[in-house]
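# Per-entry structural report
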Amino acid sequence: MRVDIKNSNRLAETIKIVTGESLNNPIYGITTDSRSCRPGDLYIALTGIRSDGHQYLNEVQRKNASAALVSKLSIDKKLKIQQILVDDTKITLGLIANRWRKNFNIPVIGITGSNGKTSTKDLLNHVLNDKYNIHATQGNYNTSIGLPLSLLEINKYHNISIVEMGANQHGDIQYLCDIADPTQGLITNISSAHLEGFHSVENILETKSALFKHVDKGLAYVNYADEKLRSIKIKGEKITYGLNADCDFPADIHNDDDGSIVLTIDSKEIKTKSKNLSFAKNIIAVSAVSITLGLEWKYFQERILTFKPPEGRCRTLNYKSILIIDDTYNANLESCIAAIDYLMAFAGKGRKIVVFGDMLELGDASKEQHEKLGFKCSEAGLDAVFTIGQEMRYAQSVINRVPLNMHFNDRKSLISHLKSVIKDNDKILFKGSRGMKMENILSGVFKT
């Protein structure tokens, strides 16, 4: 991970306040990966389970890094790079980022949730960025490393910051709130994602709800369609939204003549030009934030219609007469079910096919969750299901009433088979957890 730094002098002051050390040379970027290091960077030497960043100090010196933040000093006499010694480099990075964030008296909107947080962040950024100078988390810089780096990109020209917050275990969101100090918070939903680290949905709720507790003097955007979120006691101001009537931004869903979703939000009609229910739900959440911040409904509609999903997030592609749904970025049970529904909403001739890779990080619930996905495949009316991965065997084993249902042990075999069976007018969905790299299967089949 790497970010550029626009104000080297202010960063130097911030580092001195936090560490007590003065920089010998200006800093123009910060990186945690020696491979992405550039001249003038501050290199953060992180110690992980599989690797120790301190092993790469000579490499970043060769790349003309300005300094390195370390938790142990190198005794290599050939190493001339300035080493700033701290107890814990990850915690110090967070302290530097928090101190940096305090320089800016702007709304900071924290977004978390089990599903849709990156998509919601991207959509909100798109809707707002012509009216405001927006700072937003790049990509998925939503971890205890990525979020601090993202905060360090805030500069004096920004008047709103949107930060995504991810969690894999208890306490993660509170830790990120302590760093980012959000003034507003939105939790998209609560579901069974990342059960391996949490063990129960109740623990997920407790961890995610730390965002609402942190903004008790600010503003919480509450999805009233999610019973678990609705049950959280909000001490501060709240704005409610959802697919129900008793909220500030009540929404209803219907369809255009072509089958695309049309939303009615607070009596305003919003066309989506999409058949993706997950996208529609993101729009409802983003409407609550955008209109509260002062956007007009007409402008909001215009921005929705110009949004294009990034790669891997339910993006539709065409290969000759074949429709491809690229939803390869990540997967859990809820998002897989939503993706099947999205596929089934497409009309016209041609078969409807899914290619699923494992849903990871589900712990002891993995077998049950994959079986539930298999039952969904059986009920949906699909023409073919192709699966890959150890966990997807559980899904494949319970699938019935699907004319073609096959499991593969390796990508090469799956790609070869798909090439041989896909026909004109087919509609094919690719989806799996990030670790399955389903985009490589998609590109292997279609050479995109």
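Quick summary incoming for the structure in this document. Bear in mind that the values here come from a model prediction, so they are computed numbers and not experimental data.

## Thoughts on the pairing of strand β17 (residues 352-357)
- Within β17, six of the six residues are buried, leaving the element largely enclosed by the surrounding structure.
- The two faces of β17 match: Lys-352, Val-354 and Phe-356 on one face and Ile-353, Val-355 and Gly-357 on the other face are all buried.
- Looking at chain direction, β17 and strand β20 (residues 427-431) are connected through five bridges and run parallel. Considered in β20, the bridge of Phe-356 is made with Lys-431.
- As defined by bridge partners, β17 adjoins strand β18 (residues 384-388) across five bridges and the pair is classed as parallel. Each residue of the ladder has a partner; that of Val-354, found in β18, is Val-385.
- Regarding the hand of the β-α-β motif, the stretch spanning β17, helix α14 (residues 366-380) and β18 is right-handed.

## Details of the sheet that holds strand β7 (residues 134-136)
- The nine strands lie next to each other as β7-β8-β6-β9-β10-β11-β12-β13-β14, forming an open sheet whose pairing is mixed. Edge positions in the sheet fall to β7 and β14 (268-271), since each of these pairs with one other strand and no more. Between one strand and the next, the sheet's axes are offset by a mean angle of 20 degrees, whatever the strand orientation.
- Note: strand β6 (residues 108-112) against strand β9 (residues 184-187), four bridges, orientation parallel.

## Focus: helix α1 (residues 8-19)
- Its 12 residues place the ends of α1 16 Å apart at the C-alpha level, agreeing with the 16 Å of an ideal helix rising 1.5 Å per residue.
- The complete set of buried residues in α1 reads Ser-8, Leu-11, Thr-14, Ile-15 and Thr-19. One side of α1 holds all its buried residues, which, seen down the axis, span an arc of 120 degrees. Away from its buried face by more than 90 degrees, α1 exposes Asn-9, Glu-13 and Ile-17.
- The positive-phi residue at the C-terminal boundary of α1 is Gly-20, with phi of around 80 degrees.

## Focus: the environment of Glu-379
- With respect to the element layout, Glu-379 can be found in helix α14.
- Owing to a relative accessible area of 59%, Glu-379 belongs among the exposed residues under this scheme.
- When the C-alpha atoms of Glu-379 and Gln-55 are compared, they prove to be 53 Å apart, with 324 residues separating the residues in sequence.

## Some details on the pairing of strand β13 (residues 261-265)
- Across the five residues that make up β13, a large majority, four, are buried.
- Note that strand β12 (residues 249-255) and β13 share five bridges and pair antiparallel. Within β13, the residue paired with Asp-252 across the bridge is Thr-264.
- Taking the residues that link successive antiparallel strands as the turn, the β12-β13 hairpin has five residues, and the phi of Gly-259 there is positive, at about 90 degrees.

## Focus on unusual backbone geometry
- For Asp-181, which is not glycine, the phi dihedral falls at a positive 45 degrees.
- Examined against the element boundaries, Asp-181 turns out to sit in the loop between α6 (172-180) and β9.
- We note that Cys-314 has phi near 55 degrees; this positive angle belongs to a residue other than glycine.
- By secondary structure assignment, the location of Cys-314 is in the loop between α12 (297-305) and β15 (315-319).
- In this structure Cys-314 comes out as buried when scored by relative accessible area, which is 10%.

## Here's the deal with the packing of helix α16 (residues 411-421) against helix α17 (residues 438-446)
- Two elements in contact, α16 and α17, have axes whose closest approach is 9 Å; the angle formed by their N-to-C orientations is 40 degrees. One finds that α16 runs oblique with respect to α17. For the pair α16 and α17, the sense of crossing is right-handed. Where α16 abuts α17, its residues Arg-411, Leu-414, Ile-415, Leu-418 and Lys-419 lie against Asn-440, Ile-441, Gly-444 and Val-445.
- Looking at the contact of α16 with α17 residue by residue, the classes come out as five nonpolar, two polar and two charged.

## With respect to the packing of aromatic side chains
- Applying the stated criterion across every chain, the model contains eight aromatic pairs.
- Judged by centre distance (5.8 Å) and plane angle (85 degrees), the rings of Trp-297 and Phe-300 are edge-to-face. Of this pair, Trp-297 and Phe-300 are both found in helix α12, three residues apart, which corresponds to roughly one turn of the helix.
- Accessibility expressed as a relative area gives 16% for Trp-297, which makes it buried.
- Judged by relative accessible area, Phe-300 falls into the buried class, the value being 0%.
- Through successive ring pairs, a cluster of aromatic residues spans Phe-249, Trp-297 and Phe-300.
- Looking at Lys-90, its charged tip hangs above the ring of Tyr-175, at a distance of 5.9 Å from the centre.
- If you follow Lys-131 out to its NZ or CZ, it ends over the ring of Tyr-299, 4.6 Å from the centre.

## What about the sheet that holds strand β19 (residues 404-408)?
- The sheet built from six strands is open, its strands ordered β15-β16-β20-β17-β18-β19 with mixed pairing. Looking at strand neighbours, the two that pair on one side only are β15 and β19, the edges of this open sheet. Put simply, the sheet's adjacent strands are angled 15 degrees from each other on average, direction ignored.
- Pairing of β18 with β19, which is carried by five bridges, proceeds in the parallel orientation.

Each value, and the rule that gives it
Residues numbered from 1 in each chain as written. Predicted model: local features only at pLDDT ≥ 70, side-chain atom pairs only at ≥ 80, totals over all residues. Heavy atoms only, no water. Buried < 20%, exposed > 50% of the residue type's maximum accessible area, 1.4 Å probe, protein only. Helix = DSSP H or I, 4+ residues; strand = E, 2+ residues; numbered from the N terminus. Pairing = 2+ DSSP bridges. Right-handed = clockwise from strand over helix to strand, strands pointing away. Axes fitted to C-alpha atoms, helices over the stretch in contact; angles between N-to-C directions. Expected span 1.5 Å × (residues − 1). Arc of directions from axis to C-beta. Parallel < 35°, antiparallel > 145°, perpendicular 65-115°, else oblique. Left-handed = near helix turned anticlockwise from the far one by under 90°. Contact = heavy atoms within 4.5 Å. Nonpolar A, V, L, I, M, F, W, Y, C, P; charged D, E, K, R; others polar. Phe/Tyr/Trp six-rings, centres within 6.5 Å; stacked < 30°, edge-to-face > 60°. Lys NZ or Arg CZ within 6 Å of the ring centre and 35° of its normal.

By themselves, these figures tell us nothing about what the structure is for.
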